[in-house]
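Reading the structure
Here are the chains, one letter per residue:
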Amino acid sequence: MSVHHESEPKLYRYSRTLCGVFTHALCALFTGFITALSRPGSSLFSWHPFLMTLAFSFFMTEAVLLFNPYSSPVKKLKHKAKGRLHWVLQGLCVCCATAGLAVIFYNKHLHDKPHFSTWHGAVGVFTVAVVGLQSLGGLPLLYPKLARGWSLAKLKRYHATSGLLAYLLGSLSLFLGLCSAWFSSSVSGSGWYLAVLCPVLSALVIMSQVTNAYMARKPMQY
């Protein structure tokens, strides 16, 4: 543990660790819940909620939590190794999200339904595009030669800022999916509110982590 962390109050460190562990469990439980509810393979549509939840609730959350100084499951790895693992998880997120988008597009085509006619659909396709670009934008941090004179410190902050926006878009897409007719007809009452809390609470923890790590620092010198 760094000197900075050792100088922090124990209560602060314990609360941060608890929040991180809670988020790990929450995204796994939420993904498992949607998997059980959608029963992937039972229909073509069933793959859509499963793949999108796997992408945005599990892979993307875990990709960010790798850098959590309090609850990362790979705290002992060097930052470079964490960066590569982060990119792998983000790649899996993009693959699952793209597959989920392709499934719902083809499903609507088969049933002659309009494409991206709801907020959920419009935000979802925009989110997949943004997350894909965000993953490509991380390559210069893995391979500094691609930066071509850019300051790596600046690139890290830009990447963290745009990554947070991408994560919030993913959380919004999940939230809008929980407002869909499919989910609302399957889950109602207190169960619906508990489900909605999952992406909301995860987003709050990720926001706190990223802002504390990058955005709260002193302004960059140009």
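Cut-offs used in this document
- Residues numbered from 1 in each chain as written.
- Predicted model: local features only at pLDDT ≥ 70, side-chain atom pairs only at ≥ 80, totals over all residues.
- Heavy atoms only, no water.
- Helix = DSSP H or I, 4+ residues; strand = E, 2+ residues; numbered from the N terminus.
- Buried < 20%, exposed > 50% of the residue type's maximum accessible area, 1.4 Å probe, protein only.
- Contact = heavy atoms within 4.5 Å.
- Lys, Arg positive; Asp, Glu negative; His and termini not counted.
- Charge placed at Lys NZ, Arg CZ, Asp CG, Glu CD.
- Patch = residues over 30% accessible without salt bridge, like charges linked within 9 Å, V, L, I, M, F, W, Y side chains within 5 Å.
- Areas by Shrake-Rupley, 256 points an atom, 1.4 Å probe, with all protein chains shown as cover.
- Salt bridge = Lys/Arg side-chain N within 4 Å of Asp/Glu carboxyl O.
- Axes fitted to C-alpha atoms, helices over the stretch in contact; angles between N-to-C directions.
- Parallel < 35°, antiparallel > 145°, perpendicular 65-115°, else oblique.
- Nonpolar A, V, L, I, M, F, W, Y, C, P; charged D, E, K, R; others polar.
- Phe/Tyr/Trp six-rings, centres within 6.5 Å; stacked < 30°, edge-to-face > 60°.
- Left-handed = near helix turned anticlockwise from the far one by under 90°.
- Expected span 1.5 Å × (residues − 1).
- Bend = angle between axes of the 7 residues up to and from the residue.

**Examining the overall build of the protein**
Assigned secondary structure in the protein consists of nine helices and zero strands. Summarising its shape, the C-alpha atoms of the protein cover approximately 55 × 45 × 25 Å along the three principal directions. Split into buried and exposed, the 222 residues of the protein put 42% on the buried side. Within the protein, counting contacts between residues at least 6 apart in sequence, those at least 24 apart form 71% of the total. The protein carries 19 positive and 4 negative side-chain charges, and their two centres are separated by 9 Å.

**A few points about a nonpolar patch on the surface**
A cluster of nonpolar side chains, contributed by F22, L194, L197, V200, L201, L204 and M207, occupies part of the molecular surface with about 600 Å² of accessible area. Inspection of the secondary structure puts M207 in helix α9 (residues 190–215).

**Topic: the environment of G100**
Take G100: it is sitting in helix α4 (residues 79–110). Spatially, the C-alpha atoms of G100 and L168 are 18 Å apart, while their sequence positions differ by 68 residues. In this structure G100 touches H48, L51 and M52, once residues within four positions along its chain are discounted.

**Re the packing of helix α2 (residues 10–38) against helix α3 (residues 47–65)**
In contact at an axis separation of 9 Å, α2 and α3 are set at 170° when each is read in the N-to-C sense. As judged from the angle between their axes, α2 and α3 are roughly antiparallel. Packed against α2, whose contacting residues are G20, T23, H24, C27, A28, F30, T31, I34, T35 and S38, the element α3 presents P49, F50, T53, L54, S57, F58, T61, E62 and L65 at the interface. Its residues placed into classes, the contact of α2 with α3 shows nine nonpolar, nine polar and one charged.

**What about the packing of aromatic side chains?**
Applying the stated criterion across every chain yields a total of seven aromatic pairs. When the centroid spacing of 5.8 Å and the interplanar angle of 65° are considered together, the rings of F45 and W182 count as edge-to-face. In this pair, F45 sits in the loop between α2 and α3 while W182 sits in helix α8 (residues 181–186), placing the two residues 137 residues apart along the sequence. Measuring from centroid to centroid gives 5.1 Å for W192 and Y193, while their planes differ by 90°, and the two rings are edge-to-face. Residue classification places Y193 among the exposed positions, given a relative accessible area of 57%. Among the aromatic residues, those joined into a ring-pair cluster are F33, F45, W182 and F183.

**Describing the packing of α4 against helix α5 (residues 119–137)**
The contact between α4 and α5 brings their axes to 10 Å, and the two run at 150°. Considering the angle they form, α4 stands roughly antiparallel to α5. α5 is crossed by α4, and the crossing has left-handed handedness. Residue-level inspection shows W87, Q90, C93, V94, A97, T98 and L101 of α4 in contact with α5, the latter providing V125, V128, V131, G132 and S135. Within the contact of α4 with α5, the residues separate by chemical class into eight nonpolar, four polar and no charged.

**So, α3**
Helix length check: α3 (19 residues) gives 26 Å between terminal C-alpha atoms against 27 Å at 1.5 Å per residue, within 8%. Along its length, α3 reaches its greatest deviation from straightness, about 30°, at L54. In terms of burial, α3 is a largely internal element, 17 of the 19 residues being buried.

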